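Chain and residue survey
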Amino acid sequence: MQELYKSQRLMRQMRRSALQRGRVAILDVGSTKIACMILMLSPDLKTEPIGVRDPGAFHDLFRVVGVCQTFSRGVRLGEIATMEETERAVRVVVQGAQRMAGVSVDHVIACFSGGRPFSYGVRGRAELSEGPVNESDIGRALAACDLPEEDGHRDAVHAMPVNFSVDERGGLTDPRGQHGRRLDADLHLVTVDNSAIENLLTCIRRCDLNLAGIACSSYTSGLAALVENEQELGSACIDMGGGCTAVSIFLKKQMIYADNVHLGGDLVTSDISKGLQISLDTAERIKTLHGGCVATGVDDREMIDVGAGAEEWDREFRRISRADLIGVIRPRVEEVLEEVRARMDAGGFGHLPSKRIVLTGGASQIPGLDRLAARMLGQEIRLGRPLRIAGLPQAASGPAFSACVGLSLHTAFPQDECWDFRMPTYGRGRQLGRVVRWLREHW
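Residues numbered from 1 in each chain as written. Predicted model: local features only at pLDDT ≥ 70, side-chain atom pairs only at ≥ 80, totals over all residues. Heavy atoms only, no water.

**Here's the deal with the overall build of the chain**
When helices and strands are counted, the chain shows 14 helices and 18 strands. Within the chain, buried positions represent 56% of all 443 residues. Across the chain, contacts joining residues at least 24 apart in sequence account for 72% of those joining residues at least 6 apart. Total accessible area on the chain stands at roughly 18800 Å², and carbon and sulfur atoms take up 47% of it. (Helix = DSSP H or I, 4+ residues; strand = E, 2+ residues; numbered from the N terminus. Buried < 20%, exposed > 50% of the residue type's maximum accessible area, 1.4 Å probe, protein only. Contact = heavy atoms within 4.5 Å. Areas by Shrake-Rupley, 256 points an atom, 1.4 Å probe, with all protein chains shown as cover.)

This is how it looks when you write it as structure tokens:
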């Protein structure tokens, strides 16, 4: 663990090195689109240490200078399925963002929604000596956490200290400077399949780029879509993408649960295509222009031209009512929401003081989805858009860009994680992850 811990620290150093250059690329590898943003950083940000930042300072310390997106053809269920097509898409968006920004970048920080993320909550304890709590004491408490035994095919992406207690005085986000006899630390560990990270790293290397960081889109979407009070009092963020629906729960400004569902907006499009016997492109257009989840009294009279099916080559067009279209869309959306509800129950969402749910992502824009979700989930629900950051164009300010904007915030203001503290080794080394070992092998 000690050797691996040094590798994770090296990953943080590489992120700092990229920030010192004054610019870094943000890459969102999704099932429907691949997007890239280039950030220009102010000198104040480049000289500050890593840690939790005041959200009010976001607009002053970095700016988006380049944005590009393209259709994702090589990614399925949030993971790379075809390396060549994904490589081509990554090259397109990075080069397009560089042309828009007028600068070149060689380091990217990426997020993705695949890899079957799994959350662990573990606790460690350390006895304190005389004097206030320091980083060494925090490191000893984190090193004492009883980590679960993995099968060797999963790696840690996030290892976040979410709560500290000094002599049973809990609710501390930063115990440094506190006096006491015993320190308890609660650690939230998110692991994913290492094959998903290996494929992403290989793709980025083939694009002649360096991977300087990685994050789960469930975490970054929550950073962008949840406002400060929602993160503090307890809320869930549901990022409905094309291939996956990411779920994250926040409490006291910390992510305490993360998961995803391998269902998304692409399945709705597929159902429309199969049900109406039309192409996927036409089905996507009809879903975007006329789709909905809740029928009204006038939907029976609203007719939609859907074109001719494959077996109706001798006819110019067909027409269906909007009520029939909603009848195709709603069952699939209900299936997605049922799976999301099961994930939220597993994460203990029902025990939070505030039970606000925020819907974001491209598929969340289907009309009536918020009302249907309120009926099924039984909570206060709103549609969330990413926070406005300096330089963000209007075309990239919609719910589909929540993960990308959140990754920008995470890049500029990363939260302290387990490998930011010096930890001793307890017993046999237990491994938090091998993400950076791959970076060292290939750099």
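**Here's the deal with the sheet that holds strand β6 (residues 107-112)**
Taking strand neighbours across the sheet as the criterion, the 5 strands line up as β3-β2-β1-β6-β11 in an open arrangement whose pairing is mixed. Each edge of the open sheet is held by one strand with a lone partner, namely β3 (62-71) and β11 (210-216). Between one strand axis and the next, the sheet turns by 20° as a mean value, whatever way the strands run. Here 9 bridges tie strand β2 (residues 33-41) to β3, and the two strands are oriented antiparallel to one another. Residue pairing in the sheet places M37 in a bridge with V67 of β3. Relative to strand β1 (residues 23-29), helix α13 (residues 402-412) is tilted by about 140°, and along the sheet it contacts β1, β2, β3, β6 and β11. (Pairing = 2+ DSSP bridges. Axes fitted to C-alpha atoms, helices over the stretch in contact; angles between N-to-C directions.)

**A word on the nonpolar core**
The biggest cluster of nonpolar side chains holds 45 residues, and the ones touching the most others in it are L27, I34, L200 and I204. Looking at which element gives the most residues to this core, the answer is helix α4 (residues 83-101), with 7 residues. If near-sequence neighbours (up to four positions away) are discounted, I34 is found in contact with L27, D28, V29, C68, Q69, T70, S72, V75, T86, A89, V90 and V93. With 38 residues, the next largest nonpolar core counts L325, L337, L352 and I357 among its residues. (Core = buried A, V, L, I, M, F, W, Y, C linked by side-chain atoms within 4.5 Å.)

**With respect to the packing of helix α9 (residues 265-276) against helix α10 (residues 280-290)**
One way to put it is that α9 packs onto α10 with a least axis distance of 8 Å and a crossing angle of 110°. By the criterion of interaxial angle, the relationship of α9 to α10 is roughly perpendicular. Every pair of crossing elements has a handedness; the one defined by α9 and α10 is right-handed. Contacts between α9 and α10 pair G265, V268, T269, S270, I272 and S273 from the former with L280, A283, E284 and K287 from the latter. (Parallel < 35°, antiparallel > 145°, perpendicular 65-115°, else oblique. Left-handed = near helix turned anticlockwise from the far one by under 90°.)

**A closer look at the side chain of H107**
Among the secondary structure elements, H107 is positioned in strand β6. In terms of polar contacts, H107 uses its side chain to reach the side chain of D106, at 2.7 Å. Aside from chain neighbours lying at most four places away, what touches H107 is A18, R21, V24, A25, N210 and A212. (Polar contact = N/O pair within 3.5 Å; in protein donor to acceptor, adjacent residues only side chain to side chain.)

**Quick notes on the packing of α9 against helix α11 (residues 322-346)**
Two elements in contact, α9 and α11, have axes whose closest approach is 9 Å; the angle formed by their N-to-C orientations is 145°. In this structure, the crossing between α9 and α11 has a hand that is right-handed. Across from L267, V268, D271 and I272 in α9, the residues of α11 making contact are L325, V328, I329, R332 and V333. Grouping the constituent residues of the contact of α9 with α11 by class yields 7 nonpolar, no polar and 2 charged. (Nonpolar A, V, L, I, M, F, W, Y, C, P; charged D, E, K, R; others polar.)

**Side note on the pattern of salt bridges**
What the rule picks out here adds up to 24 salt bridges. In this structure, E230 and R382 form a salt bridge, with 2.8 Å as the shortest nitrogen-oxygen distance. Here the residue E230 occupies a position in helix α8 (residues 228-233), and R382 occupies one in strand β18 (residues 380-383), the gap between them amounting to 152 residues. Judged by its relative accessible area of 6%, E230 falls in the buried class. Using a relative accessible area of 23% as the deciding quantity, one classes R382 as partly exposed. If you follow the salt bridges from partner to partner, you end up with E87, R91, R206 and D208 in one network. (Salt bridge = Lys/Arg side-chain N within 4 Å of Asp/Glu carboxyl O.)

**With respect to unusual backbone geometry**
Residues apart from glycine generally show negative phi values, whereas peptide bonds are mostly found in trans. Look at L77: it is not a glycine, yet its phi comes out positive at around 55°. If you trace the backbone, L77 turns up in the loop between β4 (75-76) and β5 (79-80).

**As for the environment of R332**
One can find R332 in helix α11. When its relative accessible area of 19% is taken as the criterion, R332 is described as buried. The contacts of R332, once residues within four sequence positions are left out, are L267, V268 and D271. Here E335 takes part through its side chain, which lies 2.8 Å from a polar atom of the side chain of R332.

**Regarding the packing of aromatic side chains**
The full count for this structure, using the stated rule, is 3 aromatic pairs. Between the NZ or CZ atom of K33 and the centre of the ring of F401, over which it lies, the distance is 5.0 Å. (Phe/Tyr/Trp six-rings, centres within 6.5 Å; stacked < 30°, edge-to-face > 60°. Lys NZ or Arg CZ within 6 Å of the ring centre and 35° of its normal.)

**So, the sheet that holds strand β8 (residues 154-166)**
Spatial ordering of the open sheet is given by β7-β10-β8-β9, a layout of 4 strands whose pairing is antiparallel. Taken across any chain shown, the strands that pair with only one partner, and hence form the sheet edges, are β7 (118-127) and β9 (169-172). Averaged over all pairs of adjacent strands, the angle between strand axes in this sheet comes to 35°, irrespective of strand direction. By the bridge criterion, 11 bridges tie β8 to strand β10 (residues 182-193) in an arrangement that is antiparallel. Residue pairing across strands places V166 opposite L183, the latter belonging to β10.

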